[in-house]
Amino acid sequence: MSEEKYRFQVNLGGMIEILSDHLYSSPDVYIRELLQNGADAITAKRKWHAAVSTADTDARKDDGAIVLEIEEGQKLIFTDNGLGLTEEEIHQFLAIIGESSKRELEDGELRSDYIGRFGIGLLSCFMVSDEIRMLTRSCKSEEAPVLEWQGRPDGTYLIRSLNDDEEASGMPKSGTQVILYAKEGKEDYFTKKTIRKLLIYYGILLPFPVIIRQKGKEEQLNPIYLPWEGRQTNKQELMLFGQMMFEEQFMDCIPFSSKRGDVSGVAYILNYPVLPSAKGKHRIYLKNMLLTERGEGLLPDWAVFTRCIVNAMSLRPTASREGFYVDEELNEAQDAIEECLISYIAELAETSPEVFTNFFHTHHLTLTSLALASPRLFGVLSEHYEFETTRGIRTGYELRNCGEALVYAPTESKYKQLSQLFFAQDQLLINVSYVHSLDMLRMLGQVYDLEVRVVDEWNVEDLMQELTPEDQDDAFAFQKAANRILKAYDCRAEIKYFSPYNQPTFYLMDEKILFKRQIMSSRSQADSMFFNMLDAFQEELPSDTAAVLYFNYNNPLVKKLAVCDDEGEWKLFVEILYVQALQIGGFVLHNNEMGMLNRNIMRLMERGLSDV
């Protein structure tokens, strides 16, 4: 049996549905595809004239332009004065899905100096129009006719040669004109307001005029040069350009570039804080045409405090032309951009400390994440990172130069418990319950060889003194009674000397007791179906787990209680002091503790009234 080659048949209607539903994100992209085709045609024409050996002609001097003429809500005529197509090229590039005029005819290899690559861009016009009419005249021959191609979404097309000058009016000496009529329901895509917006969005960086025409009036929309390249550009001009592009004010701007991928652009620093997980809206261009607003793969993940305008001349786009292929060239371009941003941050800290301080305070969360990931920047950023301490807010620079161990409380509740005691004795305690605080403190210790340790019970008792033998004897009965009273609350009593003298008690619990209190609080609010589960958690805790209520023997009230021998008085005041210590430490009271407090307050009120 002899072999015979067959060509795949493509259902164009199904192909258009795939483009609409899966490849392209919105019908908006039909303008982008027209711009890309026009830009590539102008590039191809320049290359053609550079390659031929003919004398200079007016065509060779033509720098190229794109004109869009609008009949409001009805019709769009898109014209470029690029290379144009011959009849053979029309059959090849417009009738075979996936074939591209950007490929070399001889070897089929993809050309890298064009924006479009896949030969499907013109089909996007079927999302807004039921017919595509195209007039084209090739620049490869001075006698080339104007050819008309009419394509429909059912997969049929017609080609004819136009001999009537009137039919070809408006056509340039060479180039292509695409004529579209609005599909029902898509009229909004044919208004000047919409088209102008899309032209600025997709094509403002194109290096040749993009002109919009309506009722004989013309407006050029683009500046036809990259404002950060090719000449001396001042920062004020760059800032104004960013303000125009993103419609917001910025703190500063950072030009950057990469030889790999031929990438250049500007990063604009936001004036307001954003979460490290935020997704930035950028303007990422490929060969001066907008590709995407997302910077994944090209911009560093941590650069969320920026809005970037980027133009890449040789990175590879995906089929939808809404992103880049991830390859070595893309990775190296990202590394180069990251290095530019890091160098800016380091230089700003050194040369403009006031500006840097504002920058750091605005974006401290993101910059802290960067400091932890970048040893080079840790030294710079850690100097400005602020820690909450018992001596007020202290920067990393102040902590590493304080000359003492960096003792920290691992949780907010622990810090609240201990801060008053440490503050009263001018002892340093650091709150690391905030995002990144503990990681920053530990790295500070590693980088500068500092002692960093978590606060423990022995740290607390270092701030207290044991009673003299005489005072121990005087307070023995009271401490024994206090232990009996507090046992019901999983607490034991200790009597010490500590400052300040006007603080009668100090309550200290470890994480096991804290967990137990949380279980008890949850149990009081939970449905019956969760009781067994919470009880099981509680049973796993050691039975001898207990918090400590320290009584301050420097306090006059505690001294009076110690010499009192009335069991009723001890119970009344020990329970009140216990609840007061809980409240000072910021702990939520349980039902039994609140009830006990209310009972004792009522007893004090009754006693006061009886004395009147």
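Scroll up for the structure.
My aim in this report is to walk through the structure given alongside it, one point at a time. (Residues numbered from 1 in each chain as written. Predicted model: local features only at pLDDT ≥ 70, side-chain atom pairs only at ≥ 80, totals over all residues. Heavy atoms only, no water.)

Observations concerning the overall build of the chain
Item 1. Counting secondary structure elements, the chain contains 20 helices and 21 strands.
Item 2. Of all 612 residues assigned to the chain, the portion counted as buried reaches 46%.
Item 3. A sequence separation of at least 24 residues applies to 68% of the contacts in the chain between residues at least 6 apart.
Item 4. Element-wise, carbon and sulfur atoms account for 50% of the exposed surface of the chain, whose accessible area totals about 31400 Å². (Helix = DSSP H or I, 4+ residues; strand = E, 2+ residues; numbered from the N terminus. Buried < 20%, exposed > 50% of the residue type's maximum accessible area, 1.4 Å probe, protein only. Contact = heavy atoms within 4.5 Å. Areas by Shrake-Rupley, 256 points an atom, 1.4 Å probe, with all protein chains shown as cover.)

Details of the packing of helix 10 (residues 375-382) against helix 13 (residues 437-448)
Item 1. Between helix 10 and helix 13, the least distance of the axes is 11 Å, while the angle of their chain directions is 105°. With respect to helix 13, the element helix 10 is oriented roughly perpendicular. When helix 10 is examined against helix 13, the residues F378, G379 and S382 are found in contact with a partner set consisting of M440, M443, L444, V447 and Y448.
Item 2. Its residues assigned to classes, the contact of helix 10 with helix 13 comprises 6 nonpolar, 2 polar and no charged. (Axes fitted to C-alpha atoms, helices over the stretch in contact; angles between N-to-C directions. Parallel < 35°, antiparallel > 145°, perpendicular 65-115°, else oblique. Nonpolar A, V, L, I, M, F, W, Y, C, P; charged D, E, K, R; others polar.)

Focus: the sheet that holds strand 3 (residues 132-137)
Item 1. Spatially, 8 strands are ordered 5-4-3-6-2-1-7-8 in an open sheet, and the strand pairing comes out mixed. Each end of this open sheet is capped by a strand with a single partner; those strands are strand 5 (157-162) and strand 8 (217-220). Between one strand and the next, the sheet's axes are offset by a mean angle of 15°, whatever the strand orientation.
Item 2. Across the sheet, helix 2 (residues 29-51) lies against strand 1 (66-71), strand 2 (75-80), strand 6 (175-181) and strand 7 (210-214), angled at about 25° from strand 2, the strand it touches most.
Item 3. Those strands touched by helix 5 (residues 192-203) are strand 1, strand 2, strand 7 and strand 8, and its axis lies near 175° from that of strand 7. (Pairing = 2+ DSSP bridges.)

Focus on the pairing of strand 15 (residues 392-395)
Item 1. Bridge analysis of strand 14 (residues 386-389) against strand 15 gives 4 bridges, and the strand direction is antiparallel. Paired with F387 across the strands is R394, a residue of strand 15.
Item 2. In this structure, the hairpin formed by strand 14 and strand 15 is closed by a connection of 2 residues.

Concerning the pattern of salt bridges
Item 1. Summed over all chains, the structure comprises 23 salt bridges.
Item 2. When the shortest N-O distance is used, the salt bridge between D252 and K235 registers 2.9 Å. Of this pair, D252 sits in strand 9 (residues 250-258) while K235 is found in helix 6 (residues 235-246), placing the two residues 17 residues apart along the sequence.
Item 3. By relative accessible area, D252 is classed as buried at 9%.
Item 4. With a closest N to O distance of 2.7 Å, R391 and E404 form a salt bridge. One end of the pair, R391, is in the loop between strand 14 and strand 15; the other, E404, is in the loop between helix 11 (396-400) and strand 16 (406-409), and 13 residues separate them in sequence.
Item 5. R391 sits in the partly exposed class, given a relative accessible area of 24%.
Item 6. A single salt-bridge network, built from bridges that share partners, covers E69, R213 and E218. (Salt bridge = Lys/Arg side-chain N within 4 Å of Asp/Glu carboxyl O.)

Re the packing of aromatic side chains
Two aromatic rings are characterised by how far apart their centres lie and by the angle between their planes.
Item 1. Scanning the entire structure with this criterion turns up 19 aromatic pairs.
Item 2. Relative to F250, the ring of F246 lies with its centre 5.9 Å away and its plane at 85°, an arrangement referred to as edge-to-face. Residues F246 and F250 agree in their burial class; the two are buried.
Item 3. Aromatic ring contacts, followed pair by pair, group W302, F305, Y344, F356, F359 and F360 into a single cluster.
Item 4. It is R316 that lies over the ring of Y325; its NZ or CZ is 4.4 Å from the centre.
Item 5. Over the ring of Y448 we find R400, and its NZ or CZ is 4.3 Å from the ring centre. (Phe/Tyr/Trp six-rings, centres within 6.5 Å; stacked < 30°, edge-to-face > 60°. Lys NZ or Arg CZ within 6 Å of the ring centre and 35° of its normal.)

With respect to the pairing of strand 7
Item 1. Most of strand 7 is tucked away: 4 of the 5 residues are buried.
Item 2. As defined by bridge partners, strand 1 adjoins strand 7 across 4 bridges and the pair is classed as parallel. Its bridge partner lying in strand 7, I66 is registered against V210.
Item 3. The antiparallel hairpin formed by strand 7 and strand 8 contains 2 residues in its connecting segment, where K215 sits at a positive phi of about 55°.

Quick word on the side chain of E33
Item 1. Looking at the element boundaries, E33 is found in helix 2.
Item 2. At a separation of 2.8 Å, a polar atom in the side chain of E33 contacts the side chain of R32. (Polar contact = N/O pair within 3.5 Å; in protein donor to acceptor, adjacent residues only side chain to side chain.)

Here's the deal with the environment of V210
Item 1. Following the sequence through the fold, V210 ends up in strand 7.
Item 2. Once residues within four sequence positions are removed from consideration, V210 is found in contact with L35, I66, L68, L199, G203, E219, Q220, L221 and N222.

Some details on empty space enclosed by the protein
Item 1. Evaluated as defined, the whole model comprises 1 cavity of 30 Å³ or more.
Item 2. As a volume, the largest cavity reaches approximately 80 Å³.
Item 3. As for the largest cavity, its lining consists of K416, Q417, Q420, Q503, T505, F506, Y507, A581, I584 and G585.
Item 4. Going through the elements one at a time, helix 12 (412-424), strand 20 (505-508) and helix 19 (567-584) are the ones with two or more residues in the lining of the largest cavity.
Item 5. For the lining of the largest cavity, a count of residues per class yields 4 nonpolar, 5 polar and 1 charged. (1 Å grid on protein atoms, 1.4 Å probe; cavity = no way out; pocket = protein on both sides within 12 Å on 5 of 7 lines; lining within 4 Å. Points joined across faces, edges and corners; volume = space filled by probe spheres on them.)

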